[in-house]
Amino acid sequence: MLRLKFSGLFLLVSYAIGCDVPTRHYTTMKCNPVGTSESGCPARFDCPSLTNHDNSKCYFNGRTYALSEHLPEELAYPYCSALCYCRSGSPFAQFRCTHVDCSEFFHRFDYENCIRTYKPNSCCSSGSVCGDARKKLAECATKDEIYLAGQRMYPTANKCLTCICHSGYNETNIANDPNCYESICGFELFYAKHVYNGGAPVYYQDRCCPWEWRMPKDSDQLVSGGAKKENKDPTLQCKYGKLTMNVGDSLVPEVTDQYTYKCSCQIPPLAQCTMTKNKTE
């Protein structure tokens, strides 16, 4: 297992209206919702990058890149990456990137007296504010914490949104706040081998993007969801390794030393998982 802006705010919400199933992996790949189930979720998604995948090309946020083609720097930089280009690989072509080392990580920082400040869609900080100047900064309040102007924060109203604190910030109006932006999940950039080789996205706690991707295992055991009639429509099934899962089917949970993984077929074509931390006595 591996760890892991859209222009319109409402387009990127990880859940369809009336649907409580995470769909962020589908919207990131620009899959198209098809139909509506009884739960209010899409019945399935049509994903060209999955069904028409070309192993000699790379995919990112709905666009296809040829071998040696570079990803625009503004798309890579939020992930502290640069000079990303499509490179042939086995079994799939993948992006190869240079990691950006922010200069502030190589110097001591006075966390008691200073804060780092950021700009939207940035990797590294744009500066710092210390001492008396820090005391004069505007404050922003979220449900859980107080931030100062220039700091990055994550509003409780939308877990897929990042905002830069500024004077006049109002969490009830984040949809129209130019200092709030939605970032693209980076899994296609770093883990294409898992995304396009049958992996299932794993969601953890209140994270917006998949936390990691789980690959099928020979030990996976299917638990029937108790469907009243057999489904013979392959577009309404999830293919996961050697298993064919109907909507409602799940796997016997996998329990590790720290986490429990529960995987199921909720919205085809991909199975998806949740990861919860095991309780300690």
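Keep in mind that this is a model prediction, so the values were computed, not measured.

Draft legend 1. Region of the structure containing the pattern of salt bridges. For the coordinates displayed, the defined rule picks out five salt bridges. The salt bridge partner of Asp220 is Arg214, with a shortest N-O separation of 2.8 Å. Accessibility assignment for this pair places Asp220 and Arg214 in one class, buried. Taken together, the shared-partner salt bridges connect Arg214, Lys217, Asp220 and Glu254 into one network.

Draft legend 2. Quick peek at the state of the cysteines. Using the criterion set out here, one finds 13 disulfides in the structure. In this model Cys140 forms its disulfide with Cys165; the gap between the sulfur atoms is 2.1 Å. Because the sign of the S-S torsion sets the handedness, a value of about 95° for the bond joining Cys140 and Cys165 places this disulfide among the right-handed ones. On the criterion of sequence distance, the pair formed by Cys140 in strand 10 (residues 139–141) and Cys165 in the loop between strand 13 (161–164) and strand 14 (180–182) is long-range, its members being 25 residues apart.

Draft legend 3. The arrangement of the domain arrangement of the protein in detail. Each assigned domain of the protein is listed with its residue range as follows: domain 1 (23–99), domain 2 (103–182) and domain 3 (198–277). For domain 1 and domain 2, the distance between their C-alpha centroids amounts to 29 Å. Considering only the side of domain 1, the residues that lose the most area to domain 2 are Arg24, Tyr77 and Pro78, jointly responsible for 80% of the buried surface there. Taken together, the links from domain 1 to domain 2 amount to zero salt bridges. In the side of domain 1 that touches domain 2, the residues fall into three nonpolar, no polar and one charged.

Draft legend 4. Representation of the nonpolar core in the model. Among the nonpolar cores identified, the biggest contains 18 residues, and Tyr26, Met29, Tyr196 and Ile267 are the most heavily contacted of them. Both domains that furnish three or more residues to this core are identified here as domain 1 (23–99) and domain 3 (198–277). The residues contacting Tyr26, other than those within four sequence positions of it, are Cys31, Phe45, Cys47, Ile267, Pro268, Pro269 and Leu270. Ranked by size, the runner-up nonpolar core spans 16 residues in total, among them Ala200, Met245, Tyr259 and Tyr261.

Draft legend 5. The arrangement of the packing of aromatic side chains in detail. In the structure shown here, the tally under the stated rule is 10 aromatic pairs. Relative to Trp213, the ring of Phe187 lies with its centre 5.1 Å away and its plane at 55°, an arrangement referred to as tilted. Separated by 26 residues along the polypeptide, Phe187 in helix 5 (residues 187–190) and Trp213 in strand 16 (residues 212–214) bring together distant segments of the chain. Each member of the pair, Phe187 as well as Trp213, is classed as buried.

Draft legend 6. Highlighting the sheet that holds strand 12 (residues 152–153). Sheet architecture is open: three strands sit in the order 12-13-14, paired in antiparallel fashion. Whereas interior strands pair on both sides, the edge strands pair on one side only; in this sheet they are strand 12 and strand 14. Both strand 12 and strand 13 contribute to a ladder of two bridges, which runs antiparallel. Directly across from Arg152, in strand 13, lies its bridge partner Ile164.

Draft legend 7. Representation of the pairing of strand 18 (residues 237–240) within the structure. Where strand 18 meets strand 19 (residues 243–246), four bridges bridge the pair, whose relative direction is antiparallel. What sits directly across from Lys239, in strand 19, is Thr244. Here strand 18 folds back onto strand 19 in antiparallel fashion, the turn holding two residues, of which Gly241 has a positive phi close to 60°.

What counts, and where the lines are drawn
- Residues numbered from 1 in each chain as written.
- Predicted model: local features only at pLDDT ≥ 70, side-chain atom pairs only at ≥ 80, totals over all residues.
- Heavy atoms only, no water.
- Salt bridge = Lys/Arg side-chain N within 4 Å of Asp/Glu carboxyl O.
- Buried < 20%, exposed > 50% of the residue type's maximum accessible area, 1.4 Å probe, protein only.
- Disulfide = S-S within 2.5 Å.
- Helix = DSSP H or I, 4+ residues; strand = E, 2+ residues; numbered from the N terminus.
- Domains from an automatic or database assignment.
- Buried area = accessible area lost by both parts, 1.4 Å probe.
- Nonpolar A, V, L, I, M, F, W, Y, C, P; charged D, E, K, R; others polar.
- Core = buried A, V, L, I, M, F, W, Y, C linked by side-chain atoms within 4.5 Å.
- Contact = heavy atoms within 4.5 Å.
- Phe/Tyr/Trp six-rings, centres within 6.5 Å; stacked < 30°, edge-to-face > 60°.
- Pairing = 2+ DSSP bridges.

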